[in-house]
Amino acid sequence: MSPRKTCIAAMGSYVPEGRITNEDLERMVDTSDEWITSRTGIKERRKAPPDKCTSDLAYEAASVAIDRAGISPADLEAVIVSTISPDMNFPSTACFLQKKLRCLNAACWDISAACSGFLYALRSGRALVGSGDCENVLIVGSEFMTKITNYEDRSSCILFGDAAGAAVLQPSNSRREILDIFTASDGYSEAAMSMVLRCGGTQSPFCQEALDRKEHLQVIRGREVYKFAITKLTEVITQAAERQGIPVSEIDAIIPHQANLRILQSVAKRLDYPEERFFINLDKYGNSSAASVPLALDEADRQGFIKEGDLVVLAVFGGGLTWASATIRW
Ligand code: UT7
């Protein structure tokens, strides 16, 4: 239990202008708008220019969050970037972001928890603020998914897009207080390898054969992830409500990881919770991994989908395997 309350002082998000529509994908692989829409709910996703990198997307989202928080980059004491599409293996994307933001007083590091990453960063950031260690922490989920996607694999290339979302965490000023965070992982199960980018690390360093097999790009066993996602999202949302001592029906809004509309419909049904209270923007952006939830949360706030005083639950799942929830009094 943190001794100090911690709040999300401000959010920011960014999506690049470029779009990949379902019609574009029809020209690239053997698929159809009808198949993609009915199986996923996705209509288009964003694509950043090839001369940009993940820290550029992070910079755009972070600048907005810092501005809205009314602080200067020099006030930041820690910057945590969650990503599975880093600028480089090392240095960290957070250090590249530091240079762009000119936040010279911050310690900067990355977190790798795939699509659950933003909530892992939120947990770390809350620990820093809650312990009294820091007054201003920047957390960012930033992904350049189109650079790690195999556009010859029709089962995965339809899913992903580029985006970034950021939050400034501060000691609570009573608004947007983080009430609870839960994170979990399972690296043991068979399904742990159902989302993987094999090549480029020490198990499988880059070599021509691996590149020829396209192992520098992510591979997803969609069906397996689909089942895991429904089970875990249902479980974390139920448990988040239990820890507040309320039924799920008293959650005002759920901001889920934006992976697949059918996954969210199944979860709503299992929870007996109205589908309309799930915020959904995956039709416009697809799955942007660690950026998906902060982008959705920022949009939900801007659009008035969530309002002051609402009890909001964020719920995610991702590679690792990882899953997490966060409960916020907005
Ligand atoms: O953040 C976590 C990242 N991962 C995910 O979010 C993935 C979660 N999983 C999913 O969203 C779904 O499993 C997919 C959208 C990936 C696939 O949908 P599905 O309903 O689970 O389809 P499936 O994998 O069971 O495949 C059904 C059929 C197969 O054909 P056959 O074997 O029945 O002839 C696939 O080859 O659909 C075929 N298929 C496609 N057809 C047209 C797979 N991808 C496509 C495609 N267009 N793009």
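Scroll up for the structure.
Computed from a prediction, not measured in an experiment: that's the story for all the values here.

Caption draft 1: Layout of the overall build of the protein chain. Helix and strand content of the protein chain: 11 helices and 13 strands. Its C-alpha atoms give the protein chain a radius of gyration of 19 Å, near enough to 20 Å, the size a compact globule of 330 residues would have. Reported as C-alpha extents along the three principal axes, the dimensions of the protein chain are approximately 50 × 45 × 40 Å. Here the protein chain, with 330 residues, has 57% of them falling under the buried criterion. Sequence-distant contacts in the protein chain: of pairs separated by 6 or more residues, those separated by 24 or more amount to 76%. When the accessible area of the protein chain is evaluated, it comes to approximately 14000 Å², of which 50% is carbon and sulfur surface.

Caption draft 2: Region of interest: the packing of aromatic side chains. Counted according to the given criterion, the structure contains 4 aromatic pairs. Measuring from ring centre to ring centre gives 5.9 Å for Phe228 and Trp323, while their planes differ by 75°; the resulting arrangement is edge-to-face. With Phe228 in helix 8 (residues 222-244) and Trp323 in strand 13 (residues 322-329), this residue pair connects regions lying 95 residues apart in the sequence. We note that Phe228, like Trp323, is buried.

Caption draft 3: Region of the structure containing the nonpolar core. Counting residues in each nonpolar core, the largest one holds 45 residues, and the members touching the most others are Ile237, Ile251, Ile263, Val267, Phe278 and Phe317. Those elements that provide at least two residues to this core are helix 8, helix 9 (261-271) and strand 12 (311-318). For this core, the element with the highest residue contribution is helix 8, accounting for 10 residues. When residues of this core are sorted by domain, at least three fall in each of domain 1 (6-173) and domain 2 (179-329). In this view, Ile251 contacts Ile237, Ala241, Ile246, Tyr273, Arg277, Leu311 and Val313; residues no more than four positions away in its chain are not counted. Counting 35 residues, the second largest nonpolar core, distinct from the first, contains Met11, Leu122, Val137 and Ala326.

Rules used throughout
Residues numbered from 1 in each chain as written. Predicted model: local features only at pLDDT ≥ 70, side-chain atom pairs only at ≥ 80, totals over all residues. Heavy atoms only, no water. Helix = DSSP H or I, 4+ residues; strand = E, 2+ residues; numbered from the N terminus. Rg over C-alpha atoms; globule rule 2.2 N^0.38 Å. Buried < 20%, exposed > 50% of the residue type's maximum accessible area, 1.4 Å probe, protein only. Contact = heavy atoms within 4.5 Å. Areas by Shrake-Rupley, 256 points an atom, 1.4 Å probe, with all protein chains shown as cover. Phe/Tyr/Trp six-rings, centres within 6.5 Å; stacked < 30°, edge-to-face > 60°. Core = buried A, V, L, I, M, F, W, Y, C linked by side-chain atoms within 4.5 Å. Domains from an automatic or database assignment.

The values reported here are purely geometric and, on their own, carry no functional implication.
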